[in-house]
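Fold and geometry: a report
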Amino acid sequence: MSGNPDGPLTGKVAVVTGASRGIGRAVAEALLRAGVSVMGCCLHAESLAAAVGQMAPLGPIEGRVCDVRDLEQVTALFARAAERFGGLDILVNNAGVGIVKDFDALTPEEWRQTIDVNLTGVFNCCHAALPHLKARGGGHIVNMSSRSAVNPMPGGTAYNASKFGLNGFSEALTLDLRKHGVLVTSVMPGRVNTDFAGEAPQDWHIPVEDLARSVLEVLAHDRRSLISRIEVRPSFPRY
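As recorded in an unreviewed UniProt entry, the protein goes by NADP-dependent 3-hydroxy acid dehydrogenase YdfG and comes from Tistlia consotensis USBA 355. You can read under Sequence similarities (unreviewed entry) in the UniProt record for the protein the words "Belongs to the short-chain dehydrogenases/reductases (SDR) family."

Structural data, given as structure tokens:
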């Protein structure tokens, strides 16, 4: 089934990072159904090719292998999206890693990986996206944050730091970019039914489809006001 020909997002172009599975895959599918052309990326060529092939019947989509830690690769990603689809309107920064372990077991390499992907990777994508968004007269950046951006947890020194930092980055970015017509929203989910951070999905976790719907609601919201931050929690958690 192709995208919605009459929806508020029809004809727009989005880049979604971490698009081959989990939240990113659900967001990419929802965008396609809403009439958006999607450039999806992840690190793994095989899984990306499979995901893009499965999503292709929903609408225009292309996949590109990209390490968000590498600004050169990221710049090429956005150039390709603009070339293929004619511009850029939406960026969904979803790529992330979740390393949760006691501080005395956390290695410097794991610390750098977490900060580089979850925070510097978002900077790289926003930096590369901005010229394309400005060329369209504005757009919307959605940063997939976490409830861990406001709630410290045992073993979360790296992950909490990256997400606390991401929220601060997003708030400041809002102030810098609104003069260009670019809006910024942080989405902060609680436990999600993926295997992120090595946790097995549970039936009470947030379905990825619910998060995708939340992202679309943010993007379709009237631009005279901004949903700058939303928290999505399981309704009936069982910790």
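Working note: α-helix, 3.6 residues per turn, so residues spaced by three or four point in the same direction. With twelve residues, helix 1 (residues 22–33) ought to run about 16 Å at 1.5 Å a step, and its terminal C-alpha atoms sit 17 Å apart, in line with that. By the criterion of burial, helix 1 is predominantly enclosed, with ten of the twelve residues buried. Following helix 1 by one or two positions, Gly35 has its phi on the positive side, about 90°.

The next subject is the packing of helix 1 against helix 2 (residues 45–55). Relative orientation and spacing of two packed helices are given, respectively, by the angle between their axes and the distance between those axes. As a packed pair, helix 1 and helix 2 sit with axes 11 Å apart at the nearest point and diverge in direction by 30°. Our classification of the angle between helix 1 and helix 2 gives roughly parallel. Relative to helix 2, the crossing made by helix 1 is right-handed. Packed against helix 1, whose contacting residues are Arg25, Ala28, Glu29 and Leu32, the element helix 2 presents Ala51, Gln54 and Met55 at the interface.

Scanning the entire structure with this criterion turns up 14 salt bridges. Put simply, Arg33 and Glu29 hold a salt bridge, and the shortest N to O gap is 3.8 Å. Of this pair, Arg33 and Glu29 both sit in helix 1, four residues apart, which is roughly one turn of that helix. Using a relative accessible area of 46% as the deciding quantity, one classes Arg33 as partly exposed. Several salt bridges converge on common partners, so that one network encompasses Glu62, Arg80, Glu83 and Arg84.

Right, let's talk about the UniProt feature "domain: Ketoreductase" (unreviewed entry) in the protein for a bit. UniProt marks residues 12–195 with the feature "domain: Ketoreductase" (unreviewed entry), using the numbering shown here. Spanning residues 12–195, this segment combines 47% helix with 18% strand, and its end C-alpha atoms are found 31 Å apart.

The next point concerns the environment of Lys179. In this fold, Lys179 is placed in the loop between helix 5 (157–177) and strand 6 (182–189). For Lys179, a relative accessible area of 63% puts it in the exposed group. Linking Lys179 and Gly138, residues 41 residues apart in sequence, is a C-alpha distance of 9.1 Å. At a separation of 2.7 Å, a polar atom in the side chain of Lys179 contacts the main-chain carbonyl oxygen of Asp176.

What counts and what doesn't
Sequence order as written defines residue numbering, which begins from 1 separately in each chain. Owing to the predicted nature of the model, reporting of local features is limited to residues with pLDDT of at least 70; listing and counting of side-chain atom pairs is limited to 80 or more, with chain, interface and lining totals taken over all residues. Only hydrogens and water are set aside; all other atoms, that is, all heavy atoms of the structure, feed into the side-chain values. UniProt positions are given in the numbering used here, feature names are shortened, and annotations may be inferred rather than shown by experiment. Helix numbers and strand numbers start at the N terminus; a helix is a DSSP run of H or I with at least 4 residues, a strand a run of E with at least 2. One less than the number of residues in a helix, times 1.5 Å, gives the span that helix is expected to have. Only protein chains enter the accessibility calculation, which uses a 1.4 Å probe; a residue is then buried when its area is under 20% of its type maximum, exposed when over 50%, and partly exposed in between. Axis definition: a line fit to C-alpha positions, over the contact stretch in the case of helices; interaxial angles, taken between N-to-C directions, run 0 to 180 degrees. Orientation labels follow simple angle bins: below 35 degrees gives roughly parallel, above 145 gives roughly antiparallel, 65 to 115 gives roughly perpendicular, and whatever is left gives oblique. Left-handed describes a crossing in which the near helix is turned anticlockwise from the far one by less than a right angle; the clockwise case is right-handed. Contacts between residues were defined by any pair of non-hydrogen atoms, one from each residue, lying within 4.5 Å. Definition used for salt bridges: Asp or Glu carboxyl oxygen within 4 Å of a side-chain nitrogen of Lys or Arg. Polar contact is the term for a pair of N or O atoms within 3.5 Å; when the atoms are in protein, one must be able to donate a hydrogen and the other to accept it, and sequence-neighboring residues count only if both atoms are side-chain atoms.

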